[in-house]
Amino acid sequence: MHPMLNIAVRAARNAGNVIAKAYEQLEKVEVEQKGSNDFVTNVDKEAELAIINTIRKSYPDHCIVAEESGELAGSETDYQWVIDPLDGTSNFVRGIPHFAVSIALRVKGKTEQGVVFDPINNELFAATRGSGAQLNGYRIRTTNAKDLKGTLLATGFPFKQKHHSESYMAIFADLFTDVADMRRAGSAALDLAYVAAGRYDGFWELGLKPWDFAAGELIAKEAGAIVTDFAGNHEYLKSGNLVAGNPKVVKQILGKIRPHLTESISR
C-alpha cells in the first residue's frame, strides 16, 4: 500500500471509531443547522479533527480542505487533502446505518489517493491512481452493462438546490423509464464506491461539493468507470454535477440528461 494511502486509511479508521461510538448513543448527539436543509453534528467535527490530527502527525506541512473546517493552509502547497468526515449526516442522526468517511489526497491538482470507509459495515474502499481499486483488500470492478436496460442507478435529490427540482425530476423520469430501478441512499461517497464495486451500474447527481466526491471519484475511475459532468466534459469540480459508470452506461445517461439541461445546470 502506498505510504500516503496508508495514512488516509488510518485517518479514516480513526474517524470511523469516533462515529461508530457516537452511533451507539444517538440521543447524545448535538445537531446544528448550518444552512438550508444542511446539518452538522458534534460528531462531524470530532471525526474531522481525528482525521486532521492523523494527517498532521505524518504530513504537518500539507494543505487540507475539510467540509467543516474549511481550508487549512500548509507550506507544501502541491499536496492537498480533501476531507468529508461524515458523508450522510442526515442518515446518521436518524439512525440509518448508511454513511461514510471520505478522504482524498490531491497532488498538483490530481487526485492520487482515495479512501471511503463505511464504519458500520466495516467496508473500506480504497484506490491509488494507476493501481486499481479495492474493497477490504480485494480488487473491485464496475459492471459491464451495455445499455440502461436492467440497470440499477444511484442518484441524489437536489435538496440544497430545490430550484432545480423541475429539471431534476424531468431527467429522473426519462431515466426511470429505461432502467430497472433507481436508488437514493443519501451518501454520494458510498454511491461512487458502490459503482466501483459493481453494486450500482451508474450514478448521477447535481450540486455536489469536492469533499463529497473527491475520494469516490478516484475509486470509481480505478475500478473502470468514467466520470464526467452533465455535458460529458470534466468540469464537475466547478459545477458539482457528476455522472459515473462504465463508458457505455455514462453515454446513455448523458443522452437522457442532455435535453433537460438549462443555463444554470448546463454542466
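Up top is the structure.
All values reported here derive from a predicted model rather than from experimental measurement.

Considering the overall build of the protein
Counting its secondary structure elements, the protein contains 8 helices and 15 strands. Computed over the C-alpha atoms, the radius of gyration of the protein is 18 Å, within 12% of the 18 Å expected from 2.2 N^0.38 for a compact globule of 267 residues. Projected onto its principal axes, the C-alpha coordinates of the protein cover approximately 50 × 40 × 35 Å. Partitioning the intrachain contacts of the protein with sequence separation of at least 6 by distance along the chain shows that 62% fall at a separation of at least 24. Split by element, the accessible area of the protein, about 12000 Å² in all, is 47% carbon and sulfur. Of the charged side chains in the protein, 30 are positive and 33 negative; the average position of the first set lies 5 Å away from that of the second.

Observations regarding the nonpolar core
Val-116, Phe-125, Ile-140, Phe-203, Ile-219 and Leu-242 are the most contacted members of the largest nonpolar core, which has 35 residues in total. Within the residue set of this core, elements represented by two or more residues are strand S6 (100–107), strand S8 (123–128), strand S9 (133–135), helix H5 (188–196), helix H6 (210–222) and strand S15 (242–245). Ignoring sequence-local partners within four residues, the contact set of Val-116 consists of Ala-100, Val-101, Ser-102, Glu-123, Leu-124, Phe-125, Ala-189, Leu-190, Ala-193, Ala-215, Gly-216 and Ile-219.

Description of the packing of aromatic side chains
Aromatic rings considered in pairs are described by the distance between their centres and by the relative angle of their planes. Here the structure, examined in full by the defined rule, presents 11 aromatic pairs. Taken together, a centroid distance of 6.0 Å and an interplanar angle of 35° make the contact between Tyr-23 and Phe-92 tilted. Taken together, the positions of Tyr-23 in helix H1 (residues 3–23) and Phe-92 in helix H3 (residues 89–93) put the pair 69 residues apart, joining distant regions of the chain. Under the relative-accessibility criterion, Tyr-23 is labelled buried at 18%. Relative to Tyr-200, the ring of Tyr-194 has its centre 5.5 Å away and its plane inclined at 50°; by these criteria the two rings are tilted. According to the relative accessible area criterion, Tyr-200 is buried, its value standing at 7%. Linked through ring pairs, Phe-157, Tyr-168, Phe-172, Phe-176 and Trp-204 together constitute an aromatic cluster. The ring of Tyr-194 has Arg-199 lying over it, and the distance from NZ or CZ to the ring centre is 4.7 Å.

Here we look at the sheet that holds S15
Adjacent strands of a sheet pair through backbone hydrogen bonds, lying either parallel or antiparallel. Ordered in space as S12-S11-S13-S15-S14, the 5 strands form an open sheet in which the pairing is mixed. Sheet topology places strand S12 (181–183) and strand S14 (226–228) at the edges, where each strand pairs with a single neighbour. Strand-to-strand twist across the sheet, computed as the mean angle between neighbouring axes with direction ignored, equals 20°. Sheet topology note: the strand S11 (residues 152–155)/strand S13 (residues 202–205) ladder contains 3 bridges and is parallel. Residue pairing across strands places Leu-153 opposite Gly-202, the latter belonging to S13. Helix-sheet contacts for H5 involve S11, S13 and S15, and the interaxial angle to S13 is about 155°. Together, S11, S13, S14 and S15 form the strand contacts of helix H8 (residues 247–257), whose direction differs from that of S15 by roughly 145°.

Thoughts on the pattern of salt bridges
Counted by the stated rule, this structure contains 7 salt bridges. Across the pair Lys-45 and Glu-32 runs a salt bridge, and its minimum N-O distance is 3.1 Å. In this pair, Lys-45 sits in helix H2 (residues 42–58) while Glu-32 sits in strand S1 (residues 31–35), placing the two residues 13 residues apart along the sequence. In this structure, Glu-235 engages Lys-238 in a salt bridge whose closest nitrogen and oxygen atoms are separated by 3.4 Å.

A short note on the layout of surface pockets
Its boundaries defined by the atoms lining it, the largest pocket holds a volume of some 560 Å³. Taken together, 34 residues line the largest pocket, and the ones lying closest to its centre are Asp-87, Phe-159, Lys-160, Arg-184 and Gly-186. Elements represented by at least two residues in the lining of the largest pocket include exactly strand S2 (38–41), strand S5 (76–87), H3, H5 and H6. Its residues assigned to classes, the lining of the largest pocket comprises 10 nonpolar, 11 polar and 13 charged. The calculated volume of the second largest pocket comes to roughly 210 Å³. Around the second largest pocket, the lining residues are Arg-106, Gly-109, Lys-110, Thr-111, Arg-129, Glu-217, Leu-218, Lys-221, His-234, Tyr-236 and Leu-237.

About the thresholds
- Position numbers for residues start from 1 in each chain and track the written sequence from start to end.
- Predicted model: local features are reported for residues with pLDDT of at least 70 only, side-chain atom pairs are reported and counted for 80 or more only, and whole-chain, interface and lining totals are derived from all residues.
- To obtain the side-chain values, all non-hydrogen atoms of the structure were included, while hydrogens and water were left out.
- Going along the chain from the N terminus, every DSSP run of H or I of four or more residues is numbered as a helix, and every run of E of two or more is numbered as a strand.
- Here the globule rule is a power law, 2.2 Å times the number of residues to the power 0.38, and the radius of gyration is based on C-alpha atoms.
- Whether two residues touch is decided by their heavy atoms; if any such pair falls within 4.5 Å, the residues are in contact.
- Residue-level accessible areas treat just the shown protein chains as cover; the underlying method is Shrake-Rupley with a 1.4 Å probe.
- Neither His nor the chain termini are counted; the positive set is Lys and Arg, and the negative set is Asp and Glu.
- Lys charges are placed at NZ, Arg charges at CZ, Asp charges at CG and Glu charges at CD.
- Take the buried residues of types Ala, Val, Leu, Ile, Met, Phe, Trp, Tyr and Cys, join any two whose side-chain atoms come within 4.5 Å, and each joined set is a nonpolar core.
- Relative accessibility thresholds used throughout: buried, under 20% of the residue-type maximum; exposed, over 50%; partly exposed, between the two (1.4 Å probe, protein chains only).
- Aromatic pairing here means that ring centres of Phe, Tyr or Trp (its six-membered ring) are within 6.5 Å. Orientation follows from the plane angle: under 30 degrees is stacked, over 60 is edge-to-face, and everything else is tilted.
- As a reminder, the over-ring test applies to NZ of lysine and CZ of arginine, requiring each to be within 6 Å of the ring centre and within 35 degrees of the ring normal.
- One requirement defines pairing of two strands: DSSP has to find at least two bridges between them.
- Whenever a helix is involved, its axis is fitted only over the stretch in contact; in every case the axis is a line through C-alpha atoms, and angles between N-to-C directions fall within 0 to 180 degrees.
- Any carboxyl oxygen of Asp or Glu that lies within 4 Å of a side-chain nitrogen of Lys or Arg is treated as forming a salt bridge with it.
- Lining residues are defined by having an atom within 4 Å of a point belonging to a cavity or pocket. Those points lie on a 1 Å grid over the protein atoms alone, cavities being sets where a 1.4 Å probe fits but cannot get out and pockets being open sets with protein on both sides within 12 Å along at least five of seven lines.
- Grid points are joined across faces, edges and corners, and a volume is the space filled by probe spheres set on the points.
- In this count, Pro and Cys sit with the nonpolar residues alongside Ala, Val, Leu, Ile, Met, Phe, Trp and Tyr, while Asp, Glu, Lys and Arg are called charged and the others, Gly among them, polar.

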